[in-house]
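Working through the structure, step by step
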Amino acid sequence: MKKISPLFILLFLLLVQSGFGQTKDPVVESIVKEATENSQLEKLAHELMDVIGPRLVGSPQMMQAHEWAVAKYKSWNITAKNEKWGEWRGWERGVSHIDMVSPRVKSLEGMQLAWSPGTGGKTVTAEVMILPDVADSVAFQKWLPSAKGKFVMISMNQPTGRPDYNWQEFATKESFEKMKKDRDVQTEAWANRLKKTGYTTRTLPVALEKAGAAGIVMSYWSKGFGANKIFGAYTKTIPTVDISLEDYGLLYRLSESGHTPKISVRADAKETGVSTTFNTIGEIRGTEKPDEYVMLSAHFDSWDGGTGATDNGTGTIVMMEAMRILKKVYPNPKRTILVGHWGSEEQGLNGSRAFVEDHPEIVKNIQAVFNQDNGTGRVINISGQGFLNAYDYIGRWLSKVPESIKAPIETRFPGAPGAGGSDYASFVAAGAPAFSLSSLNWSYGTYTWHTNRDTYDKIVFDDVRSNAILAAIMAYQASEDPVKTSREKSILPLNAEGKPGAWPEQRKPIRRGGLD
Ligand SMILES: [Zn+2]
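As the structure is a computational prediction, the values presented were derived from the model and not from experiment.

As a further point, take the overall build of the protein chain. Broken down by element type, the protein chain carries 17 helices and 18 strands. Taking 2.2 N^0.38 as the reference for a compact globule, 516 residues should give roughly 24 Å; the C-alpha atoms of the protein chain span a radius of gyration of 26 Å, in line with that estimate. Along the first, second and third principal axes, the C-alpha set of the protein chain runs to 95 × 55 × 50 Å. Put simply, 84% of the contacts in the protein chain that link residues at least 6 apart link residues at least 24 apart. Within the protein chain, the 58 negative side-chain charges are centred at a point lying 1 Å from the centre of the 61 positive side-chain charges.

Moving on to the coordination of the zinc ion. The coordination sphere of the zinc ion, as far as protein atoms go, consists of His-299 (NE2), Asp-311 (OD), Asp-373 (OD) and Asp-373 (OD), spread over 1.9 to 2.8 Å. Coordination at the zinc ion is irregular: its 4 donor atoms span angles of 50 to 149° at the metal. If you list the donors of the zinc ion from N- to C-terminus, the spacing comes out as H-x11-D-x61-D. You can see His-299 sitting in strand β11 (residues 289–299) and its partner Asp-311 sitting in helix α10 (residues 309–329), a full 12 residues away along the chain.

Here the protein chain is partitioned into domain 1 (26–90 + 274–480) and domain 2 (104–260). One C-alpha centre belongs to domain 1, the other to domain 2, and the line joining them spans 37 Å. Listed as interface residues are 16 residues of domain 1 and, on the opposing side, 17 residues of domain 2. Across the domain 1 to domain 2 interface the summed buried area is about 1,400 Å²; carbon plus sulfur atoms make up 55%. Sorting the residues of domain 1 by area buried against domain 2 places Arg-89, Trp-303 and Tyr-447 first, and these three jointly supply 35% of that buried surface. Taken together, the links from domain 1 to domain 2 amount to 1 salt bridge. Salt-bridge contacts for Arg-453 lead to Glu-109; the nearest nitrogen and oxygen are separated by 2.9 Å. Across the contact surface, domain 1 and domain 2 share 11 residue pairs in polar contact (both at pLDDT 80 or more).

Attention now goes to the sheet that holds strand β17 (residues 438–439). Taken in spatial order, the 3 strands make up an open sheet running β15-β14-β17, and their pairing is mixed. Sheet topology places β15 (410–412) and β17 at the edges, where each strand pairs with a single neighbour. Bridge count for strand β14 (residues 379–383) against β17 is 2 bridges, and the pairing is antiparallel. Bridge pairing links Val-379 to Ser-439 in β17.

Direction of pairing for strand β7 (residues 221–224) relative to strand β8 (residues 227–228): antiparallel, over a ladder of 2 bridges. Paired with Gly-224 across the bridge in β8 is Ala-227. In textbook terms, the turn of a hairpin is the stretch between consecutive antiparallel strands, and for β7 and β8 this stretch comprises 2 residues, one of which, Gly-226, has a positive phi near 75°.

This paragraph deals with the pattern of salt bridges. This structure, assessed with the given rule, holds 30 salt bridges. Of the charged contacts in the structure, one is a salt bridge between Arg-324 and Glu-321, with a shortest N-O distance of 2.9 Å. In this pair, Arg-324 and Glu-321 are both assigned in helix α10, 3 residues apart and thus about one turn of the helix distant. A residue is classified by how much of its surface remains accessible, and Arg-324, at 6% relative accessible area, is buried. Among the residues examined, Glu-321 registers a relative accessible area of 1% and is labelled buried. We note a salt bridge from Glu-403 to Lys-406, for which the minimum N-O separation is 3.4 Å. Remark: Lys-406 and Glu-403 occur in helix α14 (residues 403–406); sequence separation between them is 3 residues, near one turn of the helix. Relative accessible area serves as the criterion here: at 48%, Glu-403 is assigned to the partly exposed category. Because the salt bridges share partners, they merge into one network encompassing Glu-34, Glu-321, Arg-324 and Lys-328.

Conventions adopted
- Residues numbered from 1 in each chain as written.
- Predicted model: local features only at pLDDT ≥ 70, side-chain atom pairs only at ≥ 80, totals over all residues.
- Heavy atoms only, no water.
- Helix = DSSP H or I, 4+ residues; strand = E, 2+ residues; numbered from the N terminus.
- Rg over C-alpha atoms; globule rule 2.2 N^0.38 Å.
- Contact = heavy atoms within 4.5 Å.
- Lys, Arg positive; Asp, Glu negative; His and termini not counted.
- Charge placed at Lys NZ, Arg CZ, Asp CG, Glu CD.
- Donors = N, O, S within 2.8 Å, 3.2 Å for Na, K, Ca; no water.
- Tetrahedral: all angles 85-135°; square planar, octahedral: opposite > 155°, others 65-115°.
- Domains from an automatic or database assignment.
- Buried area = accessible area lost by both parts, 1.4 Å probe.
- Salt bridge = Lys/Arg side-chain N within 4 Å of Asp/Glu carboxyl O.
- Polar contact = N/O pair within 3.5 Å; in protein donor to acceptor, adjacent residues only side chain to side chain.
- Pairing = 2+ DSSP bridges.
- Buried < 20%, exposed > 50% of the residue type's maximum accessible area, 1.4 Å probe, protein only.

Right, dumping it as structure tokens:
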């Protein structure tokens, strides 16, 4: 008989350890099969993003989304409810029509900001003027009356509508450098122009409103073709509209060259009073340890320039799909599996902070929270969030995930506790093991994050499907784990002042927002 060399045995053991010949887990297999062969992601995305639309806190669409989610869960035989946690200013977006009517006619691409006052059912036509470059705040006060009846442009005119990556590809090095230098100078000059008024970007629109301006015109370019970020308005009686870089530049140049452009604005918006804010909570009850919890987590609200497709429609449908699959293939989990769809993450993690504050008994008994909230991409990073032993259980659970999904994931242990950014931080602050399933970026910051381009077509369903499988397997594994997860915190590295780093503190949610 031939002798087997020890080296061969060692190699064989290594292969076994690395998953070669790993015994197949029937639940994992069923999760993959269900996610692949019976995916509901496209349907969920269409219903949420296209039919309901964006989910601004306090808007009727946010409420509609909560009701839709509960009905969806019921149709899958999953218990779900909407839990009240606060109140917010109610506002409903109507149409925004912005047209240049002089010196020629052109319909402009733009929309009112969230919470912008409308034009009271009328179309307001007025001249557009550029915020003047005054000597100081005294001079600005003297100028202010000239804003009466005008639309005032308060953003810098971008020198180029081409993103830097486009310059990088085609410009000569000299020309790219020159453009960047000029843009820096211009950006500083514009910041100075604003500063000299004596107001900030927040208070300037209000000052112009008080002076009788017809409206505020701005353009918050997101540094990609066609993409603008759309946040909230500060005005109380006159509309604040955001206009695409191209159309803003057109108005700006016409104004500069003395062609006194005029625009017509029709903005409909409805104040709907005080609106109740909710979290949608779904549950698959545990059989052996019902009072220990595994939680899937994603914020449900969005900004409303687009439809919140990747922020955070994708995180939302990942967790819904994971719950649907778990209920089907793993209906009797050991621990209770919860899903949290949070309200008002965008204004400061309010829904999840409220949940943590309202449910200490759950937070105390959390096995793990998995949150996803940075776009449509497949997960490529998981940090241990500063929990000393996270490497042990996260590592074990991940070992059950199919190689193609697991391979690109970089883990960092113990990592540092997240103090914000998304809802896992609300749990980390309370000492509960909560983790971010962090995605490949797909130009998230430039093209979709809080932009008018965050829409269904930006969803990469194969990546989202892979994330639903990952979330379902991690929840399954966390539920089955024979031991409760350790919450021991690592000693944090010294901070800038040379003092030991401190664990983030639990913070209170805003329970009454946008209401004076
Ligand atoms: Zn988000």
